[in-house]
Amino acid sequence: MAIFDKFQSLTDNHDLVKSFGQSPSSLQFEEIISPTEAVLNGRRTILLGTNNYLGMTFDETCIEKGVAALREEGTGTTGSRIANGSYNGHKALENELAEFYGMKEAMLFSTGYMANLGAIGTLAGRGDYLLIDADSHASIHDACKLSDAEVIRFRHNDPVNLAKKLERLADKPGEKLVIIESIYSMLGDTSPLKEMIAVKKKYGASLLIDEAHSLGVMGATGRGLCELAGVGDDIDFITGTFSKSVGTIGGFLVSNVPGLDIVRLASRPYMFTASLPPSVVATARAALSKIPHATELRTKLWDNATQLYAGLKNTGFDLGPQVSPIVAIRLSDPQKAVALWNGLLDAGLYTNLALPPATPLGWYLLRSSISAAHTSQQIALAVELCTRIGRELGLIPCPLKTGASVEMMNVGGTRKSATKPDSKRTAEPKKPAAQA
Ligand SMILES: Cc1ncc(COP(=O)(O)O)c(C=O)c1O
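About the criteria used
- Throughout, residues of each chain are indexed from 1 in the direction in which the sequence is written.
- Owing to the predicted nature of the model, reporting of local features is limited to residues with pLDDT of at least 70; listing and counting of side-chain atom pairs is limited to 80 or more, with chain, interface and lining totals taken over all residues.
- Only DSSP runs of H or I reaching four residues or more are called helices, and only runs of E reaching two or more are called strands; each is numbered from the N terminus.
- Residues are called buried when their C-beta atom has 20 or more other C-beta atoms within 10 Å, exposed when it has 12 or fewer, and partly exposed otherwise; all C-beta atoms are positioned from the backbone.
- We call two residues in contact whenever the C-beta atoms placed from their backbones are within 7 Å.
- Arc definition: it is the arc formed by the directions from the helix axis to the C-beta atoms.
- One bridge is not enough; two strands pair if DSSP finds at least two bridges between them.
- A molecule or strand has a residue near it when that residue's C-beta atom, placed from backbone coordinates, lies within 6 Å of it.
- Residues are grouped as follows: Ala, Val, Leu, Ile, Met, Phe, Trp, Tyr, Cys and Pro are nonpolar; Asp, Glu, Lys and Arg are charged; all remaining types, including Gly, are polar.
- Connectivity within a nonpolar core runs through C-beta atoms within 7 Å, and the core itself is a set of buried Ala, Val, Leu, Ile, Met, Phe, Trp, Tyr and Cys residues.
- Here the limits of each domain have been adopted from an automatic or database domain assignment.
- Note on method: axes are straight lines fitted to C-alpha atoms, helices fitted across the in-contact stretch only, with angles between N-to-C directions ranging 0 to 180 degrees.
- Angle categories are assigned with fixed cut-offs, so that under 35 degrees is roughly parallel, over 145 is roughly antiparallel, 65 to 115 is roughly perpendicular, and the rest are oblique.
- In this scheme, a crossing is called left-handed if the near helix is turned counterclockwise away from the far one by less than a right angle; it is called right-handed if the turn is clockwise.

Notes on the overall build of the protein
Inference 1: Summing up its helical and strand segments, the protein has 15 helices and 14 strands in all.
Inference 2: Principal-axis analysis of the C-alpha atoms places the extent of the protein at approximately 65 × 55 × 55 Å.
Inference 3: The buried share of the protein, reckoned over its 436 residues, is 47%.
Inference 4: Looking at the protein alone, contacts between residues at least 24 apart form 71% of all its contacts between residues at least 6 apart.

So, in structure tokens, the structure goes:
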């Protein structure tokens, strides 16, 4: 057997995607024009799948700070903080993160993926229990592989099911660490945080929340779902990333639990990889300092998200359960999903194609992430293109005849008057054997 034979099913899936035109994994942007536009295949394309929630990648102050740090401190640290020591910027950014979250301690990691590996994989060890949501991000699943703790999944966003799992562990020694996300990255749905906290408190468990998609996006000062829900004091650990609203790269862990510093000497993803370069640290610091005051950007982001969600829902697409800066069209036919993604790309709109097993319940997702930097004209064009191509592919109904009612959606998600749902469209696809 040849070394790559085990990837045959991956190759087959990739070939299927390629047979429709482009493949998401081999796209190459020829020019990045702005946070919302790039040139792809010689064509000006709207970017609607980059997680650039606040449009920070082109923020003038962030760029200037990054350039100055590059000139003053060089291109990289060339080693880990354990081996090569910290730069002033690393420590300053950790202090600023701790202050931002109102927590005692913060630790930097080189990516958000590594923050989850380094936090979760270290906090729960042999004899402990990790209780993770069934729709957890790949970094959380991989962190479980790194930990020696027993891993138990509970149903997605289901505090009752979590309580049942914790009840069974009630008389077992060992720490119980519950892991949830604020906004889930595939469908954009939020965690029922207050209910989750009530359960973890009842059973004396600890709670870690990954605020990757909510930092800068939710809460009066952009601290995320914990701030929005007013539950900061009940959270034991928060992980997050600089790769979305902060507009650069890097990850972090913050906590009020005394003694977090020891994790630096036990966490392999912290110890055995190079630390963030000075330019990235300077950029992240500049962006983080802006986030508490970015109220207008947050308002614009949510206005854009509402416009996209309502526009797509109104034309008949089956979407994730709530308005959020992640809007996902749910499809059960893989070939039509790939065709829709390609059709949009050819028309100048870039979205994410997300396929099982990385998606919940085996959905094929056309996932969009919205930015405060999008104009309402860009969002309107995105709705128009999705509608036109969705109709051509038979994914949504064609325009209704005179007299028929049109679905109107308000942001709370209540239908004012509804057309008959298409049973094929709303049918849940089968759950795949394994999720990422
Ligand atoms: C929920 C969640 N956690 C962690 C990460 C990893 O972040 P990073 O890109 O910084 O590695 C992501 C990235 O998509 C994510 O969606």
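Picking up where we left off.
A look at helix 7 (residues 159-168)
Inference 1: All buried positions along helix 7 are accounted for by Pro159, Leu162, Lys165 and Leu166. Considered in projection along helix 7, the buried side chains sweep an arc of 120 degrees and stay on one side of the axis. Opposite its buried face, helix 7 presents the exposed residues Val160, Glu167 and Arg168, each directed more than 90 degrees away.
Inference 2: Packed against the buried residues of helix 7 are strand 5 (129-133), strand 6 (150-154), strand 7 (176-181) and helix 8 (193-202).

With respect to the sheet that holds strand 1 (residues 29-34)
Inference 1: The strand order 1-2-3-12 describes an open sheet built from 4 strands, whose pairing is mixed. Edge positions in the sheet fall to strand 1 and strand 12 (349-350), since each has one partner strand and no second.
Inference 2: Strand direction decides the pairing type here: strand 2 (residues 37-40) and strand 3 (residues 43-47), joined by 4 bridges, are antiparallel. Across the sheet, residue Val39 finds its bridge partner in strand 3, namely Arg44.

Here we look at the site of the ligand
Inference 1: The immediate surroundings of the ligand are formed by 14 residues, with Gly112, Tyr113, Ser185, Ala212 and Thr241 found nearest.
Inference 2: Take the shell around the ligand: its biggest share by element is 3 residues, from helix 5 (residues 112-123).
Inference 3: Taken together, the residues of the shell around the ligand break down into 2 nonpolar, 10 polar and 2 charged.

Details of the nonpolar core
Inference 1: Counting residues in hydrophobic clusters, the biggest one holds 117 residues, and the most contacted among them are Ile120, Leu130 and Ile179.
Inference 2: Taken domain by domain, the makeup of this core includes at least three residues from each of domain 1 (10-54 + 295-426) and domain 2 (60-292).

With respect to the sheet that holds strand 14 (residues 364-369)
Inference 1: If you trace the 3 strands from one edge of the open sheet to the other, you get 11-14-13, paired in antiparallel fashion. Each edge of the open sheet is held by one strand with a lone partner, namely strand 11 (326-331) and strand 13 (352-354). With strand direction ignored, the average angle separating the axes of adjacent strands in the sheet is 25 degrees.
Inference 2: As paired strands, strand 13 and strand 14 are joined by 3 bridges and run antiparallel to one another. Note on strand 14: the bridge partner recorded for Leu353 is Leu366.
Inference 3: Sitting on the sheet, helix 12 (residues 295-314) touches strand 11 and strand 14, and the angle it makes with strand 11 is about 20 degrees.

Quick word on unusual backbone geometry
Leaving glycine out, the prevailing phi sign among residues is negative, and the prevailing peptide bond configuration is trans.
Inference 1: Cis geometry marks the peptide bond from Pro356 to Pro357; its omega dihedral reads 10 degrees.
Inference 2: By the secondary structure assignment, Pro357 is in the loop between strand 13 and strand 14.
Inference 3: At Asn41, a position not held by glycine, the phi torsion is positive, near 50 degrees.
Inference 4: Mapping Asn41 onto the fold places it in the loop between strand 2 and strand 3.
Inference 5: With phi around 55 degrees, Leu361 is a residue other than glycine that occupies positive phi space.
Inference 6: Structurally, Leu361 is set in the loop between strand 13 and strand 14.

Quick word on the pairing of strand 11
Inference 1: With respect to burial, strand 11 is a largely interior element, 6 of its 6 residues being buried.
Inference 2: Residue alternation in strand 11 divides its side chains into two sets, Ile326, Ala328 and Arg330 and Val327, Ile329 and Leu331, and both sets are buried.
Inference 3: Across 6 bridges, strand 11 lies against strand 14 in antiparallel orientation. From the neighbouring strand, Arg330 faces strand 14, where its bridge partner is Leu365.

Things to note about the packing of helix 12 against helix 14 (residues 376-392)
Inference 1: At a closest axis distance of 9 Å, the pairing of helix 12 and helix 14 adopts a crossing angle of 20 degrees. One element, helix 12, and the other, helix 14, form an angle in the roughly parallel class. Where helix 12 crosses over helix 14, the handedness of that crossing is right-handed. When helix 12 is examined against helix 14, the residues Asn304, Gln307, Leu308, Gly311 and Leu312 are found in contact with a partner set consisting of Ser376, Ile379, Ala382, Val383 and Cys386.
Inference 2: When the residues that make up the contact of helix 12 with helix 14 are grouped by side-chain class, the tally is 6 nonpolar, 4 polar and no charged.

Comments concerning the packing of helix 13 (residues 334-346) against helix 14
Inference 1: Close contact between helix 13 and helix 14 brings their axes to 10 Å; oriented N to C, the two are set at 130 degrees. The angle between helix 13 and helix 14 places the two elements in the oblique class. Read as a crossing pair, helix 13 and helix 14 show a hand that is right-handed. Contact residues: Leu340, Gly343 and Leu344 in helix 13; Leu385, Cys386, Ile389 and Gly390 in helix 14.
Inference 2: Considering only residue class, the contact of helix 13 with helix 14 consists of 5 nonpolar, 2 polar and no charged.

Treat this as a map of the structure, not an account of what it does.
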